[in-house]
Amino acid sequence: MVFGGSPQVEADRYLIPFPTYDDYLDSLVTPIDLFYGRSIFIARCVAQLGYRARGQVLTREEFAGRAAAARALDNPPRQDQVTTSSLLPLTQLSVNVEPLLLALSQREVANRRSIVNTIIYLCVKKRTGEYVSAYIDFNQRLRQESWNAFFQEGKPLRPKTSDLCYYNWHTNFTSSTDSDNFKVKCDQERGLLFNCIWDGKMICVNPNLKSPGPSTTRTRIYSPNYAILDIYDHKLRRSY
């Protein structure tokens, strides 16, 4: 299983949500362009000329090649398409399986294909008695790590200081790290937020709020192996 690609291909993952070149250009179009141009065609031409982009604007040919390479990173050739969770014996996929293992096995394919970006919030008790928690970018961990120990050997999932947000409840140590899919934000009223870089939408993890945000669902998982488990599934604007 390949867990990453070249730096250029990794950087081009922002192209994945755009099925066509016109969709890519539409992401560069502003309301002002539409107001003065009176036409989406003219607005796209303005964007294509580079007047509305801070960096390089790709040509149609460049977009086709680089978007295909980025998608291939998440969708390798068919012989490599066996997902880690699919190797579980069918007898394990039952009510007796570890709840988090079952929940993530149901989300693995969608995350690998960047149809959904899942954030896992978990709080666990260490052997020292300390509680630690983290918000984990499931998509990024899938690409960067082997999950054999979790899916096939039953090894528990553990927080890391390199996750989106990490907190030690005993020492009050905290850290935050932007991932390939989310930027960590903080709002005075809503608290901790994760800004999805693919569609710009905010995911609010404040449990006191009714909704975590547009295109996002929150699911509480109950497991004897974790003190708290919440899963946030953020559906991207388009799938393919």
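Residues numbered from 1 in each chain as written. Predicted model: local features only at pLDDT ≥ 70, side-chain atom pairs only at ≥ 80, totals over all residues. Heavy atoms only, no water.

A. Spatial organisation of the overall build of the protein chain. Each helix and strand in the protein chain was counted, giving nine helices and nine strands. Residues counted as buried form 41% of the 240 residues belonging to the protein chain. Across the protein chain, the fraction of contacts at a sequence separation of at least 24, relative to all contacts at a separation of at least 6, is 56%. Just so you have it, the protein chain exposes about 13300 Å², and 54% of that area is on carbon and sulfur atoms. (Helix = DSSP H or I, 4+ residues; strand = E, 2+ residues; numbered from the N terminus. Buried < 20%, exposed > 50% of the residue type's maximum accessible area, 1.4 Å probe, protein only. Contact = heavy atoms within 4.5 Å. Areas by Shrake-Rupley, 256 points an atom, 1.4 Å probe, with all protein chains shown as cover.)

B. Summary view of the sheet that holds strand E5 (residues 182-187). Taken in spatial order, the three strands line up as E5-E6-E7 in an open sheet, and their pairing is antiparallel. The open sheet is flanked by E5 and strand E7 (202-204), the only strands paired with a single partner. Here the strands of the sheet are splayed against their neighbours by 30° on average, with no regard to which way each runs. Where strand E6 (residues 191-196) lies against E7, three bridges are found, and the strand directions are antiparallel. (Pairing = 2+ DSSP bridges. Axes fitted to C-alpha atoms, helices over the stretch in contact; angles between N-to-C directions.)

C. A look at the side chain of Asn139. Within the element layout of this structure, Asn139 appears in helix H8 (residues 138-144). We classify Asn139 as buried; its relative accessible area is 1%. Among the polar contacts listed, one links the side chain of Asn139 to the side chain of Asn181, at a separation of 3.1 Å. Contacts of Asn139, omitting those with residues within four sequence positions, involve Arg13, Asn111, Ser114, Asn117, Thr118 and Asn181. (Polar contact = N/O pair within 3.5 Å; in protein donor to acceptor, adjacent residues only side chain to side chain.)

D. Spatial organisation of the nonpolar core. By size, the foremost hydrophobic cluster in this structure holds 22 residues, and its most contacted members are Leu100, Leu104, Ile120, Phe150 and Leu157. Elements supplying a minimum of two residues to this core: helix H6 (99-105), strand E1 (116-125), strand E2 (131-137), H8, helix H9 (148-151) and strand E9 (228-235). Apart from residues lying up to four places away in sequence, Leu104 is in contact with Ile120, Phe138, Trp147, Phe150, Phe151, Leu157 and Ile231. Core analysis: the next-biggest nonpolar cluster, separate from the first, contains 14 residues, Ile119, Cys165, Trp198 and Val205 among them. (Core = buried A, V, L, I, M, F, W, Y, C linked by side-chain atoms within 4.5 Å.)

E. Summary view of the environment of Arg107. When you line up the elements, Arg107 lands in the loop between H6 and helix H7 (108-112). On the accessibility criterion, Arg107 (15% relative accessible area) is buried. As for Arg107 and Asn117, which are separated by 10 residues in sequence, their C-alpha atoms are 9.1 Å apart. Those residues within four positions of Arg107 in sequence are excluded, and the remaining contacts are Thr118, Phe138, Thr219, Ile231 and Asp233. Engagement of the side chain of Arg107 in a polar contact is seen with the backbone oxygen of Ala103, the distance being 3.0 Å.

F. Examining the state of the cysteines more closely. Counted according to the given criterion, the structure contains zero disulfides. Cys186 forms no disulfide, and the closest cysteine sulfur to it belongs to Cys165, at a distance of 9.1 Å. Of the residues examined, Cys186 reaches a relative accessible area of 71% and is grouped as exposed. (Disulfide = S-S within 2.5 Å.)

G. Quick peek at the confidence of the model for the protein chain. Looking at the protein chain, pLDDT values average 81 and 76% of them are 70 or higher. Within the protein chain, the lowest mean pLDDT, 62, falls on helix H3 (residues 31-37), and the highest, 97, falls on E2. Scored below 50 in pLDDT, residues 89-95 shows five contacts in the model against residues more than four places distant or in partner chains. (pLDDT = per-residue confidence, 0-100.)

H. Structural view of the pattern of salt bridges. This model, assessed by the stated rule, comprises nine salt bridges. Taking the shortest distance from any N to any O, the salt bridge between Asp163 and Arg141 comes out at 2.8 Å. Taken together, the positions of Asp163 in the loop between H9 and strand E3 (165-168) and Arg141 in helix H8 put the pair 22 residues apart, joining distant regions of the chain. Neither residue differs from the other here; Asp163 and Arg141 are each classed as buried. Salt bridges sharing common partners tie together Arg141, Glu145, Lys160 and Asp163. (Salt bridge = Lys/Arg side-chain N within 4 Å of Asp/Glu carboxyl O.)

I. The sheet that holds E2, seen in detail. The sheet built from six strands is open, its strands ordered E4-E3-E2-E1-E9-E8 with antiparallel pairing. Two strands close off the open sheet at either side, each with one partner strand: strand E4 (174-176) and strand E8 (216-220). Ignoring which end each strand starts from, the neighbouring axes of this sheet average 10° apart. In this structure, E2 lies alongside E3, joined through four bridges in antiparallel fashion.

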